[in-house]
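One letter stands for each residue in the lines below.
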Amino acid sequence: MHKSLRIAAVSAACAVAAGALYGAGAATAGQSTANSTHEPYNIGLLVKDIDTYYGTALDANGVYQASPTSPYAKDLAALDKAAHKYIDQAARKARHKGEKPAVVFDIDDTLLLSLDYEKKTNYTYNSTTWAEYVAKADRPAVFGSPELVKYAKSKGVEVFYNSGLKESQRVSAVDNLKKVGADINLDSAHMFLKDAANPPAYLSACATPNNWTCTTVQYKAGTRKHIEDDLGYEIIANFGDQYSDLEGGYANRTYKLPNPTYFVS
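Residues numbered from 1 in each chain as written. Predicted model: local features only at pLDDT ≥ 70, side-chain atom pairs only at ≥ 80, totals over all residues. Heavy atoms only, no water.

Quick look at the nonpolar core now. Membership of the largest hydrophobic core comes to 51 residues, with the highest contact counts inside it found for Ile87, Tyr161, Ile236 and Phe239. No other element matches helix α4 (residues 71-96), which puts nine residues into this core. Leaving out residues up to four positions away in the same chain, Ile236 has contacts with Tyr86, Ile87, Ala90, Ala91, Ala94, Pro101, Ala102, Val103, Val157, Asn252 and Arg253. One finds Ala102, Val104, Cys214 and Ile227 within the second-largest nonpolar core, a separate group that totals twelve residues. (Core = buried A, V, L, I, M, F, W, Y, C linked by side-chain atoms within 4.5 Å. Buried < 20%, exposed > 50% of the residue type's maximum accessible area, 1.4 Å probe, protein only. Helix = DSSP H or I, 4+ residues; strand = E, 2+ residues; numbered from the N terminus. Contact = heavy atoms within 4.5 Å.)

Dropping the structure here:
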């Protein structure tokens, strides 16, 4: 999954905090400062804000973890509560109309948390280190997400995954999802990954064999269109940590999970 705008996105994600802290360290008597209105938010302060938001701490194995009592966890809990209520109601309504309800989940930082990678790479993406990290298949769950997957299934809703991970990373993704308890519909008919070598026909407008030009929105919206138009499901909810996971239609409701560590356009 290409995440090329990590540091730039951190600034955008924390714009509110930037406004609050911009004046910190104002000039004192005898000290000159530019007072520039163009200077970005200080990245050192930004990283501290991110750590506070996640409640970031090293565990006994030297892995950075988010705290279950952090603002991040509380935001997720509120989202999960609303999503549980909505899925129950929407599933019953869809079946009443003769439709087959489905939900779609992104994987990275929607189901599996990459905070340890972000911290240890200083929020800088590298395709080699990212591939090595994914291959370990030991990322922790995003709080509440595996339970939401299982809840949807318990309500008779078909679960699909729509991820920017590569086809070559399928085994690692499946293994990791099993470890965190999201062991629902992990077959190739339900988990859609990027296959640049042999892209599906429904993405032919932007992807042909070994010539992938799809944007994230084209890829993900095109996949949801396939789920609805070709597979015959009604997507009642779509979950992702990036706006590009959610844009492009083909979902009755979207849920944006918090992620201030990177941005995918």
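Moving on: the pattern of salt bridges. Scanning the entire structure with this criterion turns up eleven salt bridges. As a salt-bridge pair, Asp116 and Lys120 come within 3.2 Å of each other at their nearest N and O atoms. Within this pair, Asp116 and its partner Lys120 are both found in helix α5 (residues 115-120), separated by four residues, close to a single helical turn. On the basis of relative accessible area, Asp116 is assigned to the buried category, the value being 11%. Glu167 is the partner of Arg170 in a salt bridge, and the nearest nitrogen-oxygen pair spans 2.8 Å. Its relative accessible area of 29% is what places Glu167 among the partly exposed residues. Put simply, Asp88, Arg92 and Lys155 are held in one network by salt bridges that share partners. (Salt bridge = Lys/Arg side-chain N within 4 Å of Asp/Glu carboxyl O.)

At Asn122, a residue that is not glycine, the phi angle is positive and equals roughly 55 degrees. Looking at the element boundaries, Asn122 is found in the loop between α5 and α6 (127-136). The backbone phi angle of Asn185 is positive, close to 50 degrees, even though this residue is not glycine. Mapped onto the elements of the fold, Asn185 is located in the loop between α8 (170-179) and β5 (191-194). The buried category is assigned to Asn185, whose relative accessible area is 16%.

All right, on to the sheet that holds β5 then. For sheets, the rule is that strands pair by backbone hydrogen bonds, running either parallel or antiparallel. Reading across from one edge, β5-β4-β3-β8-β9 is the order of the five strands in this open sheet, with parallel pairing throughout. Among the strands making up the open sheet, the edge pair consists of β5 and β9 (254-256). Looking at each pair of strands side by side, their axes are set apart by 15 degrees on average, direction ignored. Of the pairings in the sheet, the one linking strand β3 (residues 101-105) to strand β4 (residues 158-166) comprises four bridges and is parallel in character. Note on β4: the bridge partner recorded for Phe105 is Tyr161. Strand contacts of α4: β3, β8 (234-240) and β9, with the helix running at about 165 degrees to β8, the strand carrying the most contacts. Helix-sheet contacts for helix α7 (residues 145-154) involve β3, β4 and β8, and the interaxial angle to β4 is about 145 degrees. (Pairing = 2+ DSSP bridges. Axes fitted to C-alpha atoms, helices over the stretch in contact; angles between N-to-C directions.)

These figures come from the coordinates and say nothing about function on their own.
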